[in-house]
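# An overview of the molecular structure
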Amino acid sequence: MAKVIAINAGSSSLKWKLFDMPAEKVIASGMVDRVGLKDSVFTVHYGPDNKEKFQKTLDINDQNAAVKMLLEELINLKIVKDIHEISGVGHRVVAGGEIFTESTIVDDKVEQQINDLAEYAPLHNPAELMGIQAFRKLLPEATSVAAFDTSFHHTMPAVNYLYSIPYEYYEKYGARKYGAHGTSHRYVSARAAEILGKPLKDLKLITLHLGAGASITAVKDGKSYDTSMGFTPLAGITMATRSGDIDASLIAYLMEKLNISDPEKMIDILNHKSGILGISGLSPDMRDLEKTRDTRKRSQLGIDIFVNRIQKYVGSYVAEMGGVDALVFTAGIGENDMTMRKRIIDGLGYFGAKIDDERNNVMAQERIISTDDSKTKVLLVPTNEELMIARDVVRLSK
């Protein structure tokens, strides 16, 4: 048995989950929030069924300090006897570009490549690299593995990943669709095939990762065939604060009208002030829109646009793949919002998808939620990106 820790490091946070492998048992999990800010919050869930909780508030200056504290508390709480029991560390990394087509063991060269790819994900790769470097420093004997959000999508054909712009922009600058949430789409598509009792390579699936960030992926022959996010996670469907797809000319038009000269400011608006927040004028949280949809027209409009964009992508992927065997819901909204799942499926009956209200009346439980006579199966599969990362660590450590 080996202890493997899966890490998701952000600019001001560090989420983690410690596994006993290959049993795939979660020993402990937690988060360090507000890293680099005053009153950082350090939380650990551990013990039987992870029901025990340890939490304290203090100033944690950077990722190095967060990692050091995490390893110390694992010992103090008797979760591990010695930090060297941790034989592997897996890290989520957003952008792998065309360099990393699968998860890989981290060495100095890989660190430099992750740093070089930061221009594709400036809000993510630098923070994730800090987490990698901190663990490699404090656990030098453990195998470090980077699992890239983009790697699952490297199987997309050129007809789907290329933009209709001068080809040399792709050749010189890597201007293409990369997608995101690949680890989640990889997990739920494989798990859906297991639930359906069929080989993944024989299925046409559409996986819907619906959360604050949201993406939809067409999975054909066991591989990513197309996905909604693009060069960055800004593209695709309407999200909590991200606009999703938008006419490029509108960006130039708005910059002129708003007297914005810095493109980064405009991109910030599209990333952080748009989506259902921008439409509703109320909140980026779908639950707030649901509570006010009867009294605020723009709350209902935000819901309607979210559903509309999802249905458009699903329809286009059914056409692309020449049919679909199953739709798979996952992530925060996909797993927990039964009303939203029903809204989406009710508009997709033209290809035989029918939801069972009783089966759908559940949150974050793995199950088939379509009716017995539904030609297209509909599944709810809670995502488990951390487990996929831990599996990659074990696989690459052999």
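Quick look at the structure, then. (Residues numbered from 1 in each chain as written. Predicted model: local features only at pLDDT ≥ 70, side-chain atom pairs only at ≥ 80, totals over all residues. Heavy atoms only, no water.)

## Considerations on helix α8 (residues 263–272)
Here is the rule: Partly exposed describes any residue whose relative accessible area lies between the buried limit of under 20% and the exposed limit of over 50%, with all areas from a 1.4 Å probe on protein chains only and scaled to the type maximum. Only runs of H or I of at least four residues qualify as helices and only runs of E of at least two qualify as strands under DSSP, and these elements are numbered from the N terminus. A contact between two residues is defined here by any heavy atoms of the two lying within 4.5 Å. By the criterion applied in these results, polar contacts are pairs of N or O atoms within 3.5 Å in which, for protein atoms, one can donate a hydrogen and the other can accept it, and in which residues neighboring in sequence qualify only through two side-chain atoms.
Burial in α8 covers these residues: Met266, Ile269, Leu270 and Asn271. Residues of α8 that are buried in the fold lie against α7 (248–257). Capping the start of α8, Asp262 holds a side-chain oxygen 3.0 Å from the backbone nitrogen of Glu264, two or three residues further along.

## A short note on the pairing of strand β11 (residues 223–227)
Rule in force here: Note on pairing: DSSP must find at least two bridges between two strands before they are called paired.
As paired strands, strand β10 (residues 214–220) and β11 are joined by four bridges and run antiparallel to one another. Residue pairing across strands places Val219 opposite Ser224, the latter belonging to β11.

## Overview of the pattern of salt bridges
To keep it simple, the criterion reads: What makes a salt bridge here is a side-chain nitrogen of Lys or Arg within 4 Å of a carboxyl oxygen of Asp or Glu, nothing more.
Using the criterion set out here, one finds 24 salt bridges in the structure. Between Asp149 and Arg92 there is a salt bridge, with the nearest N and O atoms lying 2.7 Å from each other. Of this pair, Asp149 sits in the loop between β8 (143–148) and α4 (158–161) while Arg92 sits in strand β6 (residues 86–93); the two residues are 57 residues apart in sequence, bridging distant segments of the chain. Each member of the pair, Asp149 as well as Arg92, carries the same accessibility label: buried. Arg186 is the salt-bridge partner of Asp392, the closest N and O atoms lying 2.8 Å from each other. Of this pair, Asp392 sits in helix α15 (residues 385–397) while Arg186 sits in helix α6 (residues 182–196), and the two are 206 residues apart along the sequence. With a relative accessible area of 22%, Arg186 lands in the partly exposed category.

## So, the packing of helix α11 (residues 297–321) against helix α13 (residues 338–346)
As a reminder of what qualifies: Between N-to-C directions, angles cover 0 to 180 degrees, with each direction set by a line fitted to C-alpha atoms, over the stretch in contact for helices. Oblique is the label for any angle not under 35 degrees, not over 145, and not in the 65 to 115 range, which are roughly parallel, roughly antiparallel and roughly perpendicular in turn. Definitions for this section: a left-handed crossing has its near helix turned counterclockwise from the far helix by less than a right angle. A right-handed crossing has that turn clockwise.
The contact between α11 and α13 brings their axes to 9 Å, and the two run at 50°. Classified by the interaxial angle, the pair formed by α11 and α13 is oblique. For the element pair α11 and α13, the recorded crossing hand is right-handed. Together, Ile303, Phe306, Val307, Ile310 and Gln311 of α11 and Met340, Arg343 and Ile344 of α13 make up the contact between the two elements.

## Examining the sheet that holds strand β1 (residues 2–9)
Spatially, β5-β4-β3-β2-β1-β6-β8-β7 is the arrangement adopted by the eight strands of the open sheet, whose pairing is mixed. The sheet is open, and its two borders are formed by β5 (52–58) and β7 (104–105), each paired with just one other strand. Across eight bridges, β1 lies against strand β2 (residues 13–21) in antiparallel orientation. In the sheet register, Val4 faces β2, and the bridge partner there is Phe19. Packed onto the sheet, helix α3 (residues 125–138) meets β1, β2, β6 and β8 and runs at close to 170° relative to β6.

## Considerations on the environment of Asn336
Here Asn336 is to be found in helix α12 (residues 331–336). Residues Asn336 and Arg186, spaced 150 residues apart in sequence, show a C-alpha to C-alpha distance of 20 Å. At 2.9 Å, the side chain of Asn336 forms a polar contact with the backbone oxygen of Gly332.

## Notes on the nonpolar core
Soluble globular proteins tend to bury their nonpolar side chains together. This is how the line gets drawn: In this text, buried Ala, Val, Leu, Ile, Met, Phe, Trp, Tyr and Cys residues form a nonpolar core when linked through side-chain atoms within 4.5 Å.
Of all hydrophobic cores here, the largest spans 37 residues; its most connected members are Ile206 and Leu210. Residue assignment for this core shows that the elements contributing at least two residues are β9 (204–210), β10, α10 (286–292), α11, β12 (326–330), α13 and β14 (377–380). The leading source of residues in this core is α11, at nine residues. Not counting residues within four places of it along the chain, the set of residues in contact with Leu210 comprises Ile237, Phe306, Ile310, Phe329, Thr330, Ala331, Gly332, Ile333, Gly334 and Ile344. Judged by nonpolar contacts, the second largest core, of 30 residues, contains Ile5, Met69, Ile86 and Val89.

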